[in-house]
Amino acid sequence: MNVILGVTGCIGAYKAAIVLRLLQKNEIAVYPVMTHSATKFLGPLTLEKLSGNPVVSDLFGSESSEIQHIALARRSGLLLVAPATANILAKFASGIADDFLSTIYLSTTTPVMVAPAMNVEMWHHPATRENLEKLRRRGVFVVEPGVGYQACGEEGEGRLAEPDEIVRQVLRVLSRSGSLGGKRVLVTAGPTVEDIDPVRYVSNRSSGKMGYALAAEAVRRGANVCLISGPVRLAPPAGAELVLVRSAAEMARAVFERFGDTDIVVQAAAVADYRPVDRMEQKRKKSGERWSLELEATQDILKELGTRKSRQFLVGFAAESERLVENAREKLRDKSLDLIVANDISIPGSGIEADENQVTLIDRDGELVDVPRLPKIEVARKIWDNIEHHLFS
């Protein structure tokens, strides 16, 4: 396994050499990349001799015809930046690529991990917090800094995590890379839209963020992923096949067509339960009269999958405002699911439309796993860990 070790300019740069050695002890080849500022704190020769690989620090320093940042990104199993300054976090979050390290970040499709290190005030600054939140939403792993004395003489959060903790988290991520290799995964996401007339429709508030996070994490674990999505404003995860649908009927067709060749289905979409009985071909003109809209039930996709499944592992979601566990268990039994993800939509800032979620996982044996409120990409990792536990243990 190969790891790119990015080093940025701060006093904690000296710990990069320790991180490198610990990675090597776990039989990981390390390719060092240093920013220009990092070379002021730690000599490139140190990392070059320890790693046995040349240190790259200049975006235009190679005479090779090979596009170096792309070639290096393709050879690695993970990009680790330790220490990661506030400056490099801001570049990553904003997509700025003005040196080799920030360029390789935009080129890599493998997992990315950052270990921040900075002054306590910089760590708590709103700009830094926003940048970290952006990166977490994109799936970047963050090794939280420690608390202690800093080079500025102050004490508080922001000190680079200890090398053994950084390496422990690297090994945890690498152990999951490829864990779903060879598996065909189908994820549904977002709302469906049921048209009333050419300008009006019935829908719901689902943003698709949870489903997209689940698809992205499955890709990172090596699965062949098909993401079937209702209308959302999200960039599709790289490496996933994207199938766009609008209505519940369209989503049902897309899911049923692919179900037979699928190993794992995660039905995270908020499919409309009802649709208008009659769709008007022309826009209904506004008047002072009351308007009664007749609705009919849509097909229950998840229940139909439960009747069709043979070898597939079927996961559903239950968005509840009351009796969370009881209602979720009833849904799990009624639809013949292997696992259900229950989330309480009454919790402010969690669930529908939010960037975070707090869920309870319930399997067909009745075992409960509570996942605390976390960014949705972190919740997605917990869900996939649980699925893998059932599939492989």
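As the structure is a computational prediction, the values presented were derived from the model and not from experiment. As a convention, each chain's residues are numbered from 1 in the sequence order in which they are written. Where totals are concerned, whole chains, interfaces and linings use all residues; where local detail is concerned, this predicted model gives features only for residues with pLDDT of at least 70, and gives and counts side-chain atom pairs only at 80 or more. To obtain the side-chain values, all non-hydrogen atoms of the structure were included, while hydrogens and water were left out.

Caption draft 1: Fine view of helix 4 (residues 86-94). Only protein chains enter the area calculation, which uses a 1.4 Å probe; residues under 20% of their type maximum are buried, those over 50% are exposed, and those in between are partly exposed. To qualify as a helix, a DSSP run of H or I must reach at least 4 residues; to qualify as a strand, a run of E must reach at least 2; elements of each kind are numbered from the N terminus. Looking only at helix 4, the buried set comprises Ala-86, Ile-88, Leu-89, Lys-91, Phe-92 and Ala-93. The elements touched by buried residues of helix 4 are strand 3 (78-84), helix 5 (100-107), strand 4 (112-116), helix 6 (120-124) and helix 7 (126-137). Just beyond helix 4, the residue with positive phi is Gly-95, at close to 75°. Every residue pair with non-hydrogen atoms within 4.5 Å of one another is taken to be in contact.

Caption draft 2: Here's a closer look at the packing of aromatic side chains. Classification of ring pairs rests on two measures: the distance between centres of Phe, Tyr or Trp rings, Trp counted by its six-membered ring, which must be within 6.5 Å, and the angle between planes, read as stacked under 30 degrees, edge-to-face over 60 and tilted in between. Scanning the model with the defined rule gives one aromatic pair in all. An angle of 10° between the planes, with centres 4.2 Å apart, marks the rings of Phe-92 and Tyr-105 as stacked. Of this pair, Phe-92 sits in helix 4 while Tyr-105 sits in helix 5; the two residues are 13 residues apart in sequence, bridging distant segments of the chain. Accessibility assignment for this pair places Phe-92 and Tyr-105 in one class, buried. Note on geometry: a ring has a charge over it if NZ (lysine) or CZ (arginine) is within 6 Å of the ring centre and within 35 degrees of the ring normal. Note that Arg-246 overlies the ring of Tyr-201, its terminal NZ or CZ placed 5.8 Å from the centroid. Geometry around Phe-141 places Arg-381 over its ring, the cationic atom sitting 3.5 Å from the centre.

Caption draft 3: Spatial organisation of the confidence of the model for the protein chain. Summary of the metric used: pLDDT quantifies the predictor's per-residue confidence within the range 0 to 100. Confidence along the protein chain averages 90 in pLDDT terms, with 95% of residues attaining 70 or more. Looking across the protein chain, the model is least confident in helix 3 (residues 68-75), with a mean pLDDT of 68, and most confident in strand 13 (residues 264-267), with 98.

Caption draft 4: Molecular detail of empty space enclosed by the protein. Think of a 1 Å grid over just the protein atoms. A cavity is a set of points where a 1.4 Å probe fits yet cannot get out, a pocket is an open set with protein on both sides within 12 Å along at least five of seven lines, and lining residues have an atom within 4 Å of a point. Grid points are joined across faces, edges and corners, and a volume is the space filled by probe spheres set on the points. According to the stated counting rule, one finds one cavity of 30 Å³ or more in the structure shown. For the largest cavity, the full set of lining residues is Pro-111, Phe-141, Val-173, Arg-176, Ser-177, Glu-217, Arg-220 and Arg-221. Taken together, the elements giving at least two residues each to the lining of the largest cavity come down to helix 8 (163-176) and helix 9 (209-220). Of the residues belonging to the lining of the largest cavity, the class tally is three nonpolar, one polar and four charged. In this classification, the charged set is Asp, Glu, Lys and Arg, the nonpolar set is Ala, Val, Leu, Ile, Met, Phe, Trp, Tyr, Cys and Pro, and all remaining amino acids, among them Gly, are polar.

Caption draft 5: Molecular detail of the pairing of strand 18 (residues 356-363). Across the eight residues that make up strand 18, a large majority, six, are buried. DSSP-based pairing: two strands are paired if at least 2 bridges between them are found. One ladder, built from five bridges, connects strand 17 (residues 339-344) with strand 18; its direction is antiparallel. Each residue of the ladder has a partner; that of Leu-339, found in strand 18, is Asp-363. Counting the residues between successive antiparallel strands, the hairpin from strand 18 to strand 19 (residues 368-375) contains four residues, one of them, Gly-366, with a positive phi of roughly 90°.

Caption draft 6: Representation of the nonpolar core within the structure. Nonpolar cores were defined as sets of buried Ala, Val, Leu, Ile, Met, Phe, Trp, Tyr and Cys residues, with membership established by side-chain atoms within 4.5 Å. Ranked by size, the top nonpolar core spans 32 residues in total, and within it Leu-5, Leu-23, Leu-80 and Ile-166 carry the most contacts. Elements supplying a minimum of two residues to this core: strand 1 (2-7), helix 1 (15-25), strand 2 (29-34), strand 3, strand 4 and helix 8. Discounting chain neighbours no more than four positions away, the residues touching Leu-5 are Ala-16, Val-19, Leu-20, Val-30, Tyr-31, Pro-32, Val-33, Leu-80 and Ala-82. Of all hydrophobic cores here, the second largest spans 31 residues; its members include Leu-180, Ala-213, Val-266 and Leu-339.

Caption draft 7: Expanded view of the sheet that holds strand 5 (residues 141-142). As summarised here, the arrangement of the five strands in space is 2-1-3-4-5, forming an open sheet in which the pairing is parallel. At either margin of the open sheet sits one strand with a lone partner, and together these are strand 2 and strand 5. Bridging between strand 3 and strand 4 involves four bridges; their strand directions are parallel. Looking at the pairing, Leu-80 lines up with Met-113 of strand 4. What counts as an axis is a line fitted to C-alpha atoms, over the stretch in contact for a helix, and the angles between N-to-C directions run from 0 to 180 degrees. Contacting strand 1, strand 2, strand 3 and strand 4, helix 5 crosses the sheet at an angle of about 145° to strand 3.

Caption draft 8: Spotlight on a nonpolar patch on the surface. On the surface, a nonpolar cluster with roughly 370 Å² of combined accessible area is contributed by Tyr-274, Trp-291, Leu-293 and Leu-295. Within the secondary structure layout, Tyr-274 lies in strand 14 (residues 274-276). Relative accessible area serves as the criterion here: at 48%, Tyr-274 is assigned to the partly exposed category. Residues enter a patch when their relative accessible area is above 30% and they make no salt bridge; the linking distance is 9 Å between like charges and 5 Å between nonpolar side chains (Val, Leu, Ile, Met, Phe, Trp, Tyr). Per-residue and other accessible areas follow the Shrake-Rupley method at a 1.4 Å probe size, with only the shown protein chains counted as cover for residues. Criterion for a salt bridge: a side-chain nitrogen of Lys or Arg within 4 Å of a carboxyl oxygen of Asp or Glu.

Caption draft 9: Summary view of the sheet that holds strand 8 (residues 184-189). Taking strand neighbours across the sheet as the criterion, the eight strands line up as 12-11-8-13-16-17-18-19 in an open arrangement whose pairing is mixed. Bordering the open sheet on either side are strand 12 (241-244) and strand 19, each of which pairs with just one other strand. Ignoring which end each strand starts from, the neighbouring axes of this sheet average 20° apart. Sheet topology places strand 18 next to strand 19; six bridges connect them, and they run antiparallel. For Val-359, the partnering residue across the bridge sits in strand 19 and is Val-371. Across the sheet, helix 10 (residues 248-259) touches strand 8, strand 11 (224-229), strand 12 and strand 13, and the angle it forms with strand 11 is around 160°. Its contacts with the sheet place helix 11 (residues 301-308) against strand 13 and strand 16 (313-320), and it is angled at close to 155° to strand 16.

Caption draft 10: A look at the packing of helix 10 against helix 11. Direction vectors running N to C along helix 10 and helix 11 enclose 20°, while the axes themselves pass 11 Å from each other. With respect to their mutual orientation, helix 10 and helix 11 come out roughly parallel. Handedness of the crossing formed by helix 10 with helix 11: right-handed. From helix 10, Ala-248, Met-251, Ala-252, Val-255, Phe-256 and Phe-259 reach across to helix 11, where they touch Ile-301, Glu-304, Leu-305 and Arg-308. Here the residues of the contact of helix 10 with helix 11 sort into eight nonpolar, no polar and two charged. Roughly parallel means an angle under 35 degrees; roughly antiparallel means over 145; roughly perpendicular covers 65 to 115; every other angle is labelled oblique. Each crossing is labelled by how the near helix is turned from the far one, with a counterclockwise turn of less than a right angle marking it left-handed and a clockwise turn marking it right-handed.

Caption draft 11: Spatial organisation of the packing of helix 4 against helix 7. Here helix 4 crosses helix 7 at 50°, and the two axes come no closer than 9 Å. In this view, helix 4 runs oblique relative to helix 7, as classed from their interaxial angle. Between helix 4 and helix 7 lies a crossing of left-handed hand. Contacts between helix 4 and helix 7 involve Ala-86, Leu-89, Ala-90, Phe-92 and Ala-93 from the former and Thr-128, Asn-131, Leu-132, Lys-134 and Leu-135 from the latter. Class assignment for the residues of the contact of helix 4 with helix 7 results in seven nonpolar, two polar and one charged.

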